[in-house]
There are 2 protein chains.
Amino acid sequence: MEDKTTEIKILEAATEVFQEKGMYGARMQEIADKAGINKALLHYYYRSKEKLFETVFRAAVSLMAPRIKGIISSDVPIFDKIRKFTDEYISFLSNHTYLPAFVINELNKNPQLIQEIFLKEIGSSFQILRDDVQKLADKGEIKPVDIEHVLVNMISMSLFPIIAKPLLKTMFNKSEKDYQIFLETRKKLVADMIIDSIKV
Amino acid sequence: MEDKTTEIKILEAATEVFQEKGMYGARMQEIADKAGINKALLHYYYRSKEKLFETVFRAAVSLMAPRIKGIISSDVPIFDKIRKFTDEYISFLSNHTYLPAFVINELNKNPQLIQEIFLKEIGSSFQILRDDVQKLADKGEIKPVDIEHVLVNMISMSLFPIIAKPLLKTMFNKSEKDYQIFLETRKKLVADMIIDSIKV
DNA sequence: ACTTTTGTTGACCATTTGGTTAAATTATAT
DNA sequence: ATATAATTTAACCAAATGGTCAACAAAAGT
């Protein structure tokens, strides 16, 4: 933490605070304290709170989105793609618990940010997936499903248990460790469900 | 809007603002303006911002939770229960788009609130469901599934498309109306998937 | 009629907050 | 060495914010 450049230290501290408190709840002073620097330095590197937030937010999206993109546009059989997705995405999110709630929440509060940021990250790869699925359906290798629903189902079942973790943890009376196991189990379970829903 | 009691007007205005901006982002002045009253009146009826927020939050949970509870603990065959859930819950949430993101988000930021509020609302009915499913599995009428996963799957696929609406709307390039149709379609689709995953 | 309680307001206050500035310190180049 | 540029800080500021208070108005008891 010591030899890191100030700019990085700020970004890390800001990420923590913003993800925990959100754009409005975050305090510049808290970020400065957490980064171990003077508040004025924040403004020296990132001109305003908004600028800093946007940087953090873009970084968060850039951390989440390419993984979806990379997996769904990789050149492997579709069933493998699905298994790979649930496996890697649930793993990744387990280690970044705050991320999805942060992104989705800020997206709700500031919808116009999406067009620019999110589409650029994901956009194109979705078309590819759509075409792939169409071809497979034509060849009779899978059911002629609506890819939008399949994708939403898969993302829902992978992401929601992370977003609603505190709720579900309490609801099912699970310890932190038990919840991790619960998530681990879902990797295969979700993939199986999705595959079952599209295989002929 | 005119003949409503001041207290109600405040609560409605506060609900709007809190759901849109969150606890931190909400401004007492904005709530007062939206309610068409003086800011001091807010403090006359609800002593502090925190108090007001908690009232709004509890009301939101009380709006969401009993519906889950009512459906899953009703005395109808399990498959009907599932169809009823997806149908009614997606309908309800379509008319209260902000609700789930609001509840889940605040729950993430303030986890200790859950124990008290959420468990009281949901808690018991979950045990009933668990027992029901166990019995059905013993009788061989459904697979011996893990009810926790089934429930999470069902809630995930119903709730997530509401929470991530702005994201998915952009991603799939859908108009407001198209998105409503998309959600409408999901009612049956989700129920079918859940039922398929547990039927023998 | 009038007293008391309840509801409502405008003006005000202390604190917090994002942001600035001028000066000091450190690094870099000449 | 020294001038120049980059980094860091303490002190400060204006605006915003949650909250209060004294006074006024309306309702409700009596």
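Since this is a predicted model, take the numbers as computed values, not measurements. (Residues numbered from 1 in each chain as written. Chains lettered and ligands numbered in written order. Predicted model: local features only at pLDDT ≥ 70, side-chain atom pairs only at ≥ 80, totals over all residues. Heavy atoms only, no water.)

Draft legend 1. Quick look at the overall build of chain A. Assigned secondary structure in chain A consists of 10 helices and 0 strands. The order of α-helices and β-strands along chain A, N terminus first, is α-α-α-α-α-α-α-α-α-α. Seen through its C-alpha atoms, chain A measures out along the principal axes to roughly 65 × 40 × 35 Å. Residues classed as buried in chain A amount to 51% of the 200 residues present. A separation of at least 24 residues holds for 67% of the contacts in chain A among residues at least 6 apart in sequence. A total accessible area of about 9,400 Å² is found for chain A, and carbon and sulfur atoms account for 52% of it. Measuring between centres, the 29 positive side-chain charges of chain A sit 2 Å from its 28 negative side-chain charges. (Helix = DSSP H or I, 4+ residues; strand = E, 2+ residues; numbered from the N terminus. Buried < 20%, exposed > 50% of the residue type's maximum accessible area, 1.4 Å probe, protein only. Contact = heavy atoms within 4.5 Å. Areas by Shrake-Rupley, 256 points an atom, 1.4 Å probe, with all protein chains shown as cover. Lys, Arg positive; Asp, Glu negative; His and termini not counted. Charge placed at Lys NZ, Arg CZ, Asp CG, Glu CD.)

Draft legend 2. Main features of helix H10 (residues 176-198) of chain A. In a regular helix each residue adds 1.5 Å, so 23 residues correspond to 33 Å; H10(A) covers 33 Å between its end C-alpha atoms and thus fits that length. Of all the bends in H10(A), the largest measures some 30° and sits at Arg186(A). Of all the positions in H10(A), only Tyr179(A), Phe182(A), Leu183(A), Arg186(A), Lys187(A), Val190(A), Ala191(A), Met193(A), Ile194(A), Ile195(A), Ser197(A) and Ile198(A) are classed as buried. Turning to H10(A), the residues buried within the fold contact helix H5 (78-94), helix H8 (147-163) and helix H9 (165-171) of chain A together with helix H8 (147-163) and helix H10 (176-198) of chain B. (Expected span 1.5 Å × (residues − 1). Bend = angle between axes of the 7 residues up to and from the residue.)

Draft legend 3. Here's a closer look at the protein's contact with DNA strand C. Arg27(A), Lys39(A), Lys49(A), Asn38(B) and Tyr45(B) are the nearest of the 15 residues found near DNA strand C. Counting only atoms of DNA strand C within 4 Å of the protein, the sugar-phosphate share comes to 58%. Contact between DNA strand C and Met28(A): a phosphate oxygen at 3.1 Å from a main-chain N or O atom of the residue. At 3.1 Å from a phosphate oxygen of DNA strand C is found a side-chain nitrogen or oxygen belonging to His43(A). Of all the secondary-structure elements, those providing two or more residues to the surface near DNA strand C are helix H3 (39-45) of chain A together with helix H3 (39-45) of chain B. Here the element with the most residues in the surface near DNA strand C is H3(B); it accounts for 4 residues. Here the residues of the surface near DNA strand C are counted per class, giving 8 nonpolar, 4 polar and 3 charged. (Near = heavy atom within 4 Å. Polar contact = N/O pair within 3.5 Å; in protein donor to acceptor, adjacent residues only side chain to side chain. Nonpolar A, V, L, I, M, F, W, Y, C, P; charged D, E, K, R; others polar.)

Draft legend 4. Layout of the interface of chain B and chain A. Opposite the 44 residues of chain B that make contact, chain A presents 44 residues. Both sides together, the interface formed by chain B and chain A hides about 4,200 Å², and carbon and sulfur atoms give 73% of it. On the chain B side of the interface with chain A, the three residues burying the most area are His149(B), Phe160(B) and Met171(B), jointly 15% of the side's total. If you look at where chain B meets chain A, you find 2 salt bridges. Seen at the junction of chain B and chain A, the total is 9 residue pairs in polar contact (both at pLDDT 80 or more). Elements represented by at least two residues in the side of chain B that touches chain A include exactly helix H1 (6-25), helix H6 (98-109), helix H7 (112-138), H8, helix H9 (165-171) and H10 of chain B. Looking at the side of chain B that touches chain A element by element, the count peaks at 12 residues for H8(B). Taken together, the residues of the side of chain B that touches chain A sort by class into 27 nonpolar, 11 polar and 6 charged. (Buried area = accessible area lost by both parts, 1.4 Å probe. Salt bridge = Lys/Arg side-chain N within 4 Å of Asp/Glu carboxyl O.)

Draft legend 5. Examining the relation of the copies chain B and chain A more closely. Overlaying chain B on chain A yields an RMSD of 0.1 Å, the required transformation being a rotation through 180° with an accompanying axial translation of 0.0 Å. The two molecules are tied by a two-fold rotation axis, judged by turn and shift. Looking at the interface residues of chain B, 100% of them are also at the interface in chain A, so both copies use one shared face. (Least-squares fit on C-alpha atoms with pLDDT ≥ 70 in both.)

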